[in-house]
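Below, each chain spelled out in residue letters.
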Amino acid sequence: EFQSELHHRQSLGAMTTCIVVHNLAGDAVFGPAEFPRTMVASHLREILKPIVAPRSFKLLHGCQELHGHQLLQGNAGDRVVRLSIVYYHPAYSVVTWGRPTAGGDSSTVATHLSGGVKQVSGTSAAFAALREEGDVVCWGDPRCGGDMEAVADRLSGAVVSVVGNSAAFAAIKDGGEVVTWGAALGGGDSGAVADSLSGGVVSVTGSGRAFAAVKVDSQVVTWGDPASGGDSRLVAGRLGGGGSGSRVVALAANRMAFAALLEGGEVVTWGHAFHGGHPIGAVEQLAGGVTSVVGNAVAFAAIKESGQVITWGQPDSGGDSRAVADRLASGVLFVTGSLFAFAALKDRGEVVTWGSTRCGGDSRAVADRLACGVVSVAASGRAFVALRHDGEVVTWGDARSGGDSRAIKDRLFASEVASVVGNSLAFAALKTAGEVVTWGDSDHGGDASEVAGLLASEVHSVTATDQAFAALRLVS
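Since the model is a prediction, treat every value here as computed from it, not as a measurement.

## Observations concerning the side chain of H444
And step 1. Summarising the element assignment, H444 is placed in the loop between β30 (436–440) and β31 (459–464).
And step 2. For H444, a relative accessible area of 7% puts it in the buried group.
And step 3. Polar contacts involving the side chain of H444 include one to the side chain of D441, which spans 2.7 Å.
And step 4. Setting aside residues up to four positions removed in sequence, H444 forms contacts with G98, R99, N423, S424, L425, A426, D466, Q467, A468 and F469.

## Some remarks on the environment of G26
And step 1. If you trace the backbone, G26 turns up in the loop between β1 (16–23) and β2 (28–36).
And step 2. Assessed through its relative accessible area of 46%, G26 is described here as partly exposed.
And step 3. Residues G26 and I85, spaced 59 residues apart in sequence, show a C-alpha to C-alpha distance of 10.0 Å.

## A closer look at the confidence of the model for the chain
And step 1. Across the chain, the average pLDDT comes to 92, with 95% of residues at 70 or higher.
And step 2. Taken as a whole, residues 1–13 scores under 50 in pLDDT and shows 2 contacts with residues more than four places along the chain or in a different chain.

## Digging into the sheet that holds strand β11 (residues 168–173)
And step 1. Taking strand neighbours across the sheet as the criterion, the 3 strands line up as β10-β11-β12 in an open arrangement whose pairing is antiparallel. At either end of the open sheet lies a strand with only one pairing partner, and these are β10 (159–164) and β12 (178–182). Within the sheet, the average angular offset between the axes of one strand and its neighbour, ignoring direction, is 20°.
And step 2. Pairing analysis gives 5 bridges linking β10 to β11, with the strands arranged antiparallel. Note that in β11 the partner of G164 across the bridge is F169.

## Examining the state of the cysteines
And step 1. What the rule picks out here adds up to 0 disulfides.
And step 2. Sulfur of C138: no disulfide; nearest cysteine sulfur belongs to C144 and is 12 Å away.

## Looking at the environment of A371
And step 1. With respect to the helices and strands, A371 occurs in the loop between β24 (351–355) and β25 (374–379).
And step 2. A371 gets classed as partly exposed once you look at its relative accessible area, which sits at 44%.
And step 3. Between the alpha carbons of A371 and V437 there is a distance of 26 Å; along the sequence they are 66 residues apart.
And step 4. Apart from residues lying up to four places away in sequence, A371 is in contact with G349 and E350.

## Let's talk about the side chain of S338
And step 1. Structurally, S338 is set in the loop between β22 (332–337) and β23 (341–346).
And step 2. In this structure S338 comes out as buried when scored by relative accessible area, which is 4%.
And step 3. In this structure the side chain of S338 is engaged in a polar contact, spanning 2.8 Å, whose partner is the backbone oxygen of C359.

## Some details on unusual backbone geometry
And step 1. Cis geometry is found at the peptide bond from G31 to P32, where omega equals 5°.
And step 2. Position of P32 relative to the elements: it lies in strand β2.
And step 3. Its identity as a non-glycine residue notwithstanding, A158 has a phi of 70°, on the positive side.
And step 4. Mapped onto the elements, A158 comes out in the loop between β9 (136–140) and β10.
And step 5. The exposure class of A158 is partly exposed, given its relative accessible area of 40%.
And step 6. The backbone of E458 shows a phi angle near 70°, a positive value even though the residue is not glycine.
And step 7. Looking at the secondary structure, you find E458 in the loop between β30 and β31.

## Here we look at the pattern of salt bridges
And step 1. Taken as a whole and assessed by the stated rule, the structure comprises 21 salt bridges.
And step 2. Two residues, K49 and E46, come together in a salt bridge whose shortest N-O distance is 3.0 Å. Residue K49 and its partner E46 are located together in helix α2 (residues 41–52), separated by 3 residues, close to a single helical turn.
And step 3. Of the residues examined, E46 reaches a relative accessible area of 46% and is grouped as partly exposed.
And step 4. Across the pair E416 and K431 runs a salt bridge, and its minimum N-O distance is 3.2 Å. Here the residue E416 occupies a position in the loop between β27 (393–397) and β28 (417–422), and K431 occupies one in strand β29 (residues 426–431), the gap between them amounting to 15 residues.
And step 5. Judged by relative accessible area, E416 falls into the partly exposed class, the value being 30%.
And step 6. Via salt bridges that share partners, R369, R388, D390 and E392 belong to a single interconnected network.

The rules behind these values
- Residues numbered from 1 in each chain as written.
- Predicted model: local features only at pLDDT ≥ 70, side-chain atom pairs only at ≥ 80, totals over all residues.
- Heavy atoms only, no water.
- Helix = DSSP H or I, 4+ residues; strand = E, 2+ residues; numbered from the N terminus.
- Buried < 20%, exposed > 50% of the residue type's maximum accessible area, 1.4 Å probe, protein only.
- Polar contact = N/O pair within 3.5 Å; in protein donor to acceptor, adjacent residues only side chain to side chain.
- Contact = heavy atoms within 4.5 Å.
- pLDDT = per-residue confidence, 0-100.
- Pairing = 2+ DSSP bridges.
- Axes fitted to C-alpha atoms, helices over the stretch in contact; angles between N-to-C directions.
- Disulfide = S-S within 2.5 Å.
- Salt bridge = Lys/Arg side-chain N within 4 Å of Asp/Glu carboxyl O.

Here it is in structure tokens:
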């Protein structure tokens, strides 16, 4: 029996990599943590971003900087990967393209975006840029947060982060005060909870037309459209805040509801019942052991410690995964959603899809290329893109929305891609060399030819509204 257990542990060790990240002072920033041997640099960066936010950073293995889909492997015979994290303070400008009225045209604020920008956030049709001085600049549809005139004096400094939902923005200031603007009924007016948002807020998450803020004592404060989760009174007693509820460790949202992941792995939901506000048929499975939750527009998918996926919400849009339940029973590492479908990435590089066939829920046409070897998956509103370890880029779903990438096949190799961002009908891929490649609906940003020269190099990150993109570009 001892030999059997030893063999089991050795087998597990052969399939996993232990990752430890230290800063230059030698202090542990992350880990040690076990990951599959297929773990790549881009996935680790996504895990580290909320831990070290808002700082920019580079990952080093020895003296080599890690990019994109480089495998994280130790020296020969050593399954422990020891990495270093280096923080830096770059200066960025903003480049925009796509539908002009949805943020694709930033000419009216161009002088404010020529340098000193550190973050860009989006709603469905407007962008907000946070500058190094702590002030905020907005552009795009005024009805969706493109006009901040009413709160401009409160956004002139000391802002540390900005979050958007579909209709409004919420800015967190130094000290935890929250300032909101945009569609009043969509979260832009937070007057009803102003006292609760006057300080102590550490994070804000947006659904379609509501916001949820988590405070330092784990209290959750909600506002906006009740049909989108703006009223959480029915579950308030389960959400911490000094009461009997458990501490909230993460919030997820779709367009109509919220899901709070509590300490211990329990999930608490509220909002539109049919669209995920009530986990019909999944209550017992969400009582513990959940490690992450992801939403699409009208459904949720939760990953449990075992790698099993639990879904709820609108059945034909990803809330019912029974057709692929056997493939989602274990081994799932990551789930992402289009508008009405989901794609799960498993530990052997297999991708499993379900939900609306019009939004990428049916991947049978590319099934042979999704059976193994995939290292990353991203979504637009109606399509998915998978990056394979052999360098191939695989797309499926609505062709007009990025499901057909043949036009850029010769410009895009998975090994060169650092990240992919989708909006409702297009994709933008950021390459490790800082170039951006786009495809999908031309009016929604799939055609970036007008700014191609600015996207050829030095781009750090890309953000989207529903119909446009904004890139942070290093100021030379």
